[in-house]
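# Descriptive structure summary
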Amino acid sequence: SWNPNQNGLKNPTVVLQHGGVGGPGYTEYGHGAWFKSQGYNVIVLDSFWSRGFIANWRKLDASVAQHGRAFSELGANTRARDAFATAQWLRTQPEVDPNRIFLIGGSQGGWSVLRAFTDEKSITENYKGLFRAGVSIYPVCWSWQQTPGHHGTNVPEKLNPRLGPFYAPLLILTVGLEPPGGAADMNTCDPNIFKSATKHIRYPDQTHAFDAEPPPGQPRGRCIYSLNPHWCGASGGRDALGNCKGSPKADMCEDTNATEVARQDMYTFLEKFK
């Protein structure tokens, strides 16, 4: 979804990467519309449907039960390459300032941002300079350094990507109500990931996907449960209310006010590098 500003100028551009189930949705289109209103070009990537996948490791015609818990070809490395290819294409577009391209992603898309900004020879030799700065929102933090929970069990080290230190300005946004021990629980991440970031902001009372703004006219503040059957695996399953054990509320609860705060935080950060 390519949405350039038709003002005859070379504008800053935001690349948005979706999370790990379903492809682009409310979150990316909500942020995209907001950044477009602030004068940015916006492009929303779709890493799943073009490959015949509807989730991280599940083909379109497969059941939810086949949503695997290990790494796959659609992990951080492939998603980062999608971002690099997009930035290379954007640099050829007349509406784009090639020195002001920014990468934003949430969840698995946030994992991709962490990987894309990692100061590793295989990345920096070919892709350094494509993105001016980035934002990683409640990212998955599986890495060579540390893999939370049991997600990395029997997974070869070569499939675990290195995350950090980072070669370009990076803002990380995390939340306090992730499933304990899960893939996006910052308490189980390598702490150096956050130390290496330019800035880290934590919203302690928010859940994963708090920024999943629904289309106009639909109810706000809804709470949903993840389709990923392994979502609560690290916390020991679900309690009598259906929440992950140790979690005070549903997996994902949209919050209008918190979304506005997060957008302002992202905007303020990116504007420093325009």
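Just above sits the structure.
To keep things clear, this report deals only with the structure shown in the data block. (Residues numbered from 1 in each chain as written. Predicted model: local features only at pLDDT ≥ 70, side-chain atom pairs only at ≥ 80, totals over all residues. Heavy atoms only, no water.)

Moving on, we come to unusual backbone geometry. Of note, the amide linkage connecting G164 to P165 takes the cis form, showing an omega dihedral of -5°. Topologically, P165 is positioned in the loop between strand 7 (133-137) and strand 8 (170-175). Unusually for a residue other than glycine, A209 sits at a positive phi of about 60°. With respect to the helices and strands, the residue A209 is situated in the loop between strand 9 (199-203) and strand 10 (223-224). Given a relative accessible area of 12%, A209 falls into the buried group. (Helix = DSSP H or I, 4+ residues; strand = E, 2+ residues; numbered from the N terminus. Buried < 20%, exposed > 50% of the residue type's maximum accessible area, 1.4 Å probe, protein only.)

For helix 1 (residues 26-37), spanning 12 residues, the distance from its first C-alpha to its last is 17 Å, which sits close to the expected 16 Å at 1.5 Å a residue. Those residues of helix 1 not exposed but buried are T27, E28, G30, H31, G32, W34 and F35. Looking at the buried residues of helix 1, the elements they touch are strand 2 (11-17), strand 3 (41-44), strand 6 (96-106), strand 7 and helix 6 (256-271). Taken from the residues just after helix 1, G39 is the one with a positive phi, measuring 100°. (Expected span 1.5 Å × (residues − 1). Contact = heavy atoms within 4.5 Å.)

Quick look at the layout of surface pockets now. The volume enclosed by the largest pocket comes to roughly 850 Å³. Secondary-structure elements contributing two or more residues to the lining of the largest pocket are helix 1, helix 3 (108-116) and strand 11 (252-253). Looking at which element gives the most residues to the lining of the largest pocket, the answer is helix 1, with 3 residues. Residue composition of the lining of the largest pocket, by class: 20 nonpolar, 18 polar and 6 charged. (1 Å grid on protein atoms, 1.4 Å probe; cavity = no way out; pocket = protein on both sides within 12 Å on 5 of 7 lines; lining within 4 Å. Points joined across faces, edges and corners; volume = space filled by probe spheres on them. Nonpolar A, V, L, I, M, F, W, Y, C, P; charged D, E, K, R; others polar.)

Another aspect to go through is the side chain of H31. Along the chain, H31 falls in helix 1. Judged by relative accessible area, H31 falls into the buried class, the value being 3%. Look past the residues within four positions of H31 in its chain and what remains in contact with it is L16, I137, D211, T259, R263 and M266.

A separate point is the side chain of N243. Within the element layout of this structure, N243 appears in the loop between strand 10 and strand 11. Filtering out sequence-adjacent residues up to four positions away, N243 remains in contact with Y225, G237, R238, P248, K249 and A250.

So, about the state of the cysteines. Put plainly, a disulfide is one covalent bond tying together the sulfur atoms of two cysteines. Within the structure shown, the criterion is met by 3 disulfides. Disulfide pairing places C223 opposite C253 at an S-S distance of 2.0 Å. On the S-S bond that ties C223 to C253, the torsion sits near 115°, and the link is right-handed. Within this pair, whereas C223 is found in strand 10, its partner C253 is found in strand 11, the two being separated by 30 residues in sequence. Residue class for C223 comes out partly exposed when judged on its relative accessible area of 44%. A relative accessible area of 4% places C253 in the buried class. Here the cysteine-cysteine linkages of the protein chain are recorded as 1-2, 3-6, 4-5, numbering only bonded cysteines and doing so in sequence order. (Disulfide = S-S within 2.5 Å.)

Across the sheet, 7 strands lie side by side as 1-3-2-6-7-8-9; this open sheet has mixed pairing. Both outer strands of the open sheet, strand 1 (2-3) and strand 9, are each paired with one neighbouring strand and no more. Across 4 bridges, the pairing between strand 2 and strand 3 is parallel. From the neighbouring strand, V15 faces strand 3, where its bridge partner is I43. Lying on the sheet, helix 3 is in contact with strand 2, strand 6, strand 7 and strand 8; it crosses strand 6 at an angle near 130°. (Pairing = 2+ DSSP bridges. Axes fitted to C-alpha atoms, helices over the stretch in contact; angles between N-to-C directions.)

What follows deals with the nonpolar core. Residues V15, F84, L103, F117, F131 and I193 are the most contacted members of the largest nonpolar core, which totals 36 residues. Where this core is concerned, the elements lending two or more residues are helix 2 (76-90), strand 6, helix 3, strand 8 and helix 5 (192-196). In this view, L103 contacts V15, Q17, A83, V113, A116, F117, F131, A133, G134 and V135; residues no more than four positions away in its chain are not counted. (Core = buried A, V, L, I, M, F, W, Y, C linked by side-chain atoms within 4.5 Å.)

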